[in-house]
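Here are the chains, one letter per residue:
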Amino acid sequence: MLTLLLGACSAPQADISPEGQLEIFGPNNTFVSGYLPEDWLLEGVTEQTLFTTLLQIGKLDNALTLKIMSADQAFALARRTNASLLASPFFAWSWRVTAPLGNRHPVRLIIGFNGGTLNGRREGIADLFEFDANIPEHDRTVTLVWGSPEDIPGSIDASRAAPQIVVRAGNKSAETWMTENIDLSQIYKRLWPSDDMVHVRIRFIGVVSERDPVRGMAEFSDLLLFR
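Residues numbered from 1 in each chain as written. Predicted model: local features only at pLDDT ≥ 70, side-chain atom pairs only at ≥ 80, totals over all residues. Heavy atoms only, no water.

A. The arrangement of the side chain of Ser84 in detail. Tracing the backbone through its elements, the reader meets Ser84 in strand S7 (residues 75-84). Take Ser84: its relative accessible area is 18%, and that puts it in the buried class. Beyond its immediate sequence surroundings of up to four residues, Ser84 is in contact with Val200 and Arg201. (Helix = DSSP H or I, 4+ residues; strand = E, 2+ residues; numbered from the N terminus. Buried < 20%, exposed > 50% of the residue type's maximum accessible area, 1.4 Å probe, protein only. Contact = heavy atoms within 4.5 Å.)

Laid out in structure tokens, this is it:
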């Protein structure tokens, strides 16, 4: 069972712009090979392993891409953020994944929230990893997944502590770049209708990979939070 380390609250974080936008990964926010910016966190693998075997920076036309390979251990790569959910509720990105898919793709997007629960309880991360996660304080998380052929796009699997939102499913569009745009506030309200959304902040956005002995690849570009 995961033990959370909450010392990251004083670590550098990315703030929303006066226009209500935050580029999580894109033309103005990328990685120098072998180096993570201070407002990013990595758990589960070393930076050397990440940059030598699990991550590649590529290009799609004029856009940068983040190519992530799954591994035989779980890991997370995320950017610490400080944004109001209601002020900047929309999240857009482009992605493609390897096919064929028999199960949900092991590489997903993950978003962490804080401030909505009455007792400040932490939920949603303990079933994802078996290592200590030095991530910002949070009480809710969701993952955005490319589902199996049996999944229905738009459905939510709330059986886990971190609910899985099936954005796309199956092999039909796999290996083709697809662009998404979702309203995180509507997803949050659907999942946790009793929470106080006025105080909810988005504390991190990134990529998580479940342990998978069969390597899978997912590629992301233009991750943007906006209003």
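The rest of the description comes next.
B. View of the confidence of the model for the protein. Summing up the model confidence of the protein, the mean pLDDT is 86 and the portion of residues at 70 or higher is 88%. Confidence drops under a pLDDT of 50 for residues 1-9, and excluding neighbours within four residues, the segment shows 27 contacts in the predicted structure. (pLDDT = per-residue confidence, 0-100.)

C. Quick peek at the pattern of salt bridges. What the rule picks out here adds up to 8 salt bridges. Two residues, Arg79 and Asp39, come together in a salt bridge whose shortest N-O distance is 3.0 Å. A residue pair is termed long-range when its members are at least 10 positions apart, and Arg79 in strand S7 and Asp39 in the loop between strand S3 (22-25) and strand S4 (40-43) qualify at 40 residues. Here Arg79 falls in the buried class, since its relative accessible area comes to 7%. Three or more residues joined by partner-sharing salt bridges are found here, namely Arg104, Asp151 and Asp157. (Salt bridge = Lys/Arg side-chain N within 4 Å of Asp/Glu carboxyl O.)

D. Representation of unusual backbone geometry. Of note in this structure, Asp61 is not a glycine but carries a positive phi near 55°. Its location among the elements puts Asp61 in the loop between strand S5 (55-60) and strand S6 (63-69). At Glu175, a residue that is not glycine, the phi angle is positive and equals roughly 65°. As for its placement among the helices and strands, Glu175 is situated in the loop between strand S13 (164-169) and strand S14 (178-183).

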